Amino acid sequence: MEYHCRVLRSCAPLWPTTSRGSKDVPMSEGEKPALRGEAAWLAAREQIAKKNAETRKAGKLEREHNDQVKADGRRQAEVRRAGELAKSSKRA
């Protein structure tokens, strides 16, 4: 009987098996089991929502800072123009 070379298989696995799924190796005390399915999806969604909230808060603070800098610049320009106007009205 003739066998094709692709039919013959080795009894040894092609890659090592991980012991994580094995019942023989317990998980360490601080290690949590990986979330799966809907729980993993909800955890990822919650993490994204948290990151978005932090980004939104940082953006709001940056906009408030930029608005404050612009308002300070406008006030300084107004004071400068008022001073120039006062000087020019004294001369006239």
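Conventions we followed
Position labels on residues start from 1 in each chain and follow its written sequence. Residues qualify for local features only when their pLDDT is at least 70, as the model is predicted, and side-chain atom pairs are given and counted only at 80 or more; totals for whole chains, interfaces and linings, by contrast, use all residues. Side-chain figures throughout are based on the complete set of non-hydrogen atoms in the structure, without hydrogens or water. A run of H or I in DSSP counts as a helix once it spans at least four residues, and a run of E counts as a strand once it spans at least two, with each numbered from the N terminus. Using a 1.4 Å probe on the protein chains alone, a residue whose accessible area is under 20% of its type maximum counts as buried, one over 50% counts as exposed, and one in between counts as partly exposed. Note on areas: Shrake-Rupley, 1.4 Å probe, and residue coverage restricted to the protein chains presented here. An expected span of 1.5 Å times one less than the residue number is assigned to each helix. Here a polar contact is taken to be a pair of N or O atoms separated by no more than 3.5 Å, where protein atoms must pair a possible hydrogen donor with a possible acceptor and residues adjacent in sequence count only if both atoms sit in side chains.

(A) Seen up close, the overall build of the chain. Of the regular secondary structure elements, the chain holds 1 helix and 0 strands. Per-residue burial over the chain gives 3% buried out of 92 residues. Counting every atom, the chain has about 9,700 Å² of accessible surface; 56% of that belongs to carbon and sulfur.

(B) Seen up close, helix α1 (residues 37–91). With 55 residues, α1 should reach 81 Å at 1.5 Å per residue; the first-to-last C-alpha distance of 81 Å fits that figure. When we look at burial in α1, the residues that qualify are G59, A71 and A77.

(C) Focus on the environment of S89. Here S89 is to be found in helix α1. A polar atom in the side chain of S89 sits 2.9 Å from the backbone oxygen of A86.

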